[in-house]
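Structural features, examined
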Amino acid sequence: MTSQGAANTNRREKDAPGIRGITKLALDSGIVSDIVSFKNLSDDKEHIALVFPAENLELTPLVRLHSECLTGDVLGSSHCDCGDQLREAKEQIGAQGGVLLYLRQEGRGIGLYNKLDAYKAQQDHGLDTFAANTHIGFAEDPRSFKVAAEMLKALGIEKIRLLTNNPDKVSDLEMNGIIVEDVISTGRFETEENRRYLQTKSDKGHSL
Ligand SMILES: [Zn+2]
């Protein structure tokens, strides 16, 4: 191999997505998971994986792709169902073993401040969650789940059971080389405030 060829190979190897570090994280459920950071992912965000130990190693790992939602996950907002979905995922994956990918794509990838602007557009103009995104100049849902496939492969996982109601997650993962053996629906967490939000997601193809 020429030195030029060797350099190219080295660069390719260096650039492949991989694990950056693994640390133990004790959770409020009493379970200790591994929290994994990554390097060379296709975007520059600090995505993490919580890997829960499995008792039955024959079982295909249960996986959830959760997009960060500061207002729902941390502040307990009832405008969406993210906080409930995150709690459910931690419980189910914690019980069976598997992986929770916590993706840093706040507000379906538009960022926190833009999401707050979209909330304001919903309040001022009566728009739904997707129409509000287009009203402030974004695609309805600009997220890509390619990075999730990269994270799973870095963890050595190529076949999963996916906890989701969102068919886009299934197709994005499959397009990027992950086998989705089974799709398990998440619960429906309805409140007075999020009823329209859930209906809109359902209208857009989520199986709620
Ligand atoms: Zn949310």
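Up top is the structure.
On a predicted model such as this, the values are computed, not experimentally measured, just so you know. (Residues numbered from 1 in each chain as written. Predicted model: local features only at pLDDT ≥ 70, side-chain atom pairs only at ≥ 80, totals over all residues. Heavy atoms only, no water.)

1. Quick look at the pattern of salt bridges
Quick note on the threshold: Counted as salt bridges are all cases of a side-chain nitrogen of Lys or Arg within 4 Å of a carboxyl oxygen of Asp or Glu. Helix and strand definitions here come from DSSP, where helices need a minimum of 4 consecutive H or I residues and strands a minimum of 2 consecutive E residues; each element is numbered from the N-terminal end. Categorising residues by exposure relies on relative accessible area from a 1.4 Å probe, with only protein chains included: less than 20% of the type maximum marks a residue as buried, more than 50% marks it as exposed, and the intermediate range marks it as partly exposed.
Under the defined criterion, the tally for this structure stands at seven salt bridges. A salt bridge links Lys24 to Asp34; its shortest N-O distance comes to 2.9 Å. Taken together, the residues Lys24 in strand β1 (residues 18-26) and Asp34 in strand β2 (residues 32-39) connect sequence positions 10 residues apart. Assessed through its relative accessible area of 61%, Lys24 is described here as exposed. For Glu181, the salt bridge identified is with Lys159, shortest N-O distance 3.4 Å. Taken together, the residues span a long stretch of sequence, with Glu181 in strand β7 (residues 179-184) and Lys159 in strand β6 (residues 159-163) at a distance of 22 residues.

2. A look at the side chain of Thr129
This is how it is decided: We define a polar contact as two N or O atoms separated by no more than 3.5 Å, with the added condition that, inside protein, one atom must be a possible hydrogen donor and the other a possible acceptor, whereas residues neighbouring each other in sequence contribute only through side-chain atom pairs. Between two residues, a contact is recorded if the distance between any of their heavy atoms is within 4.5 Å.
By secondary structure assignment, the location of Thr129 is in helix α5 (residues 129-135). At 2.9 Å, the side chain of Thr129 forms a polar contact with the side chain of Arg108. In this structure, Thr129 is in contact with Arg108, Gln122, Tyr197 and Thr200, ignoring residues within four places of it in sequence.

3. Concerning the packing of aromatic side chains
In this description, an aromatic ring pair is defined by two values, namely the gap between the centres and the angle between the planes. The test is simple: Any two of the Phe, Tyr and Trp rings considered here, Trp counted by its six-membered ring, make a pair once their centres fall within 6.5 Å; the pair's planes then place it as stacked at under 30 degrees, edge-to-face at over 60, or tilted in between. Lysine and arginine charges are scored as sitting over a ring when NZ or CZ, respectively, is within 6 Å of the ring centre and within 35 degrees of the ring normal.
Inspection of every chain in the model, using the stated rule, returns zero aromatic pairs. One cation-aromatic arrangement involves Arg108 over Phe130; the distance from NZ or CZ to the ring centre is 4.4 Å.

4. Some points on the nonpolar core
Nonpolar side chains tend toward joint burial in soluble globular proteins. Filter applied, for reference: Joining through side-chain atoms within 4.5 Å is the link that ties buried Ala, Val, Leu, Ile, Met, Phe, Trp, Tyr and Cys residues into a set, and such a set is a nonpolar core.
Membership of the largest hydrophobic core comes to 22 residues, with the highest contact counts inside it found for Leu65, Leu101, Leu103, Leu152, Ile160, Leu162 and Leu173. Mapped by element, the contributors of at least two residues to this core are β2, β4 (62-67), β5 (98-103), α6 (146-154), β6 and α7 (167-175). When residues in this core are grouped by element, the largest group, five residues, is from α6. If near-sequence neighbours (up to four positions away) are discounted, Leu103 is found in contact with His47, Leu65, His66, Ser67, Glu68, Phe145, Val147, Ala148 and Met151.

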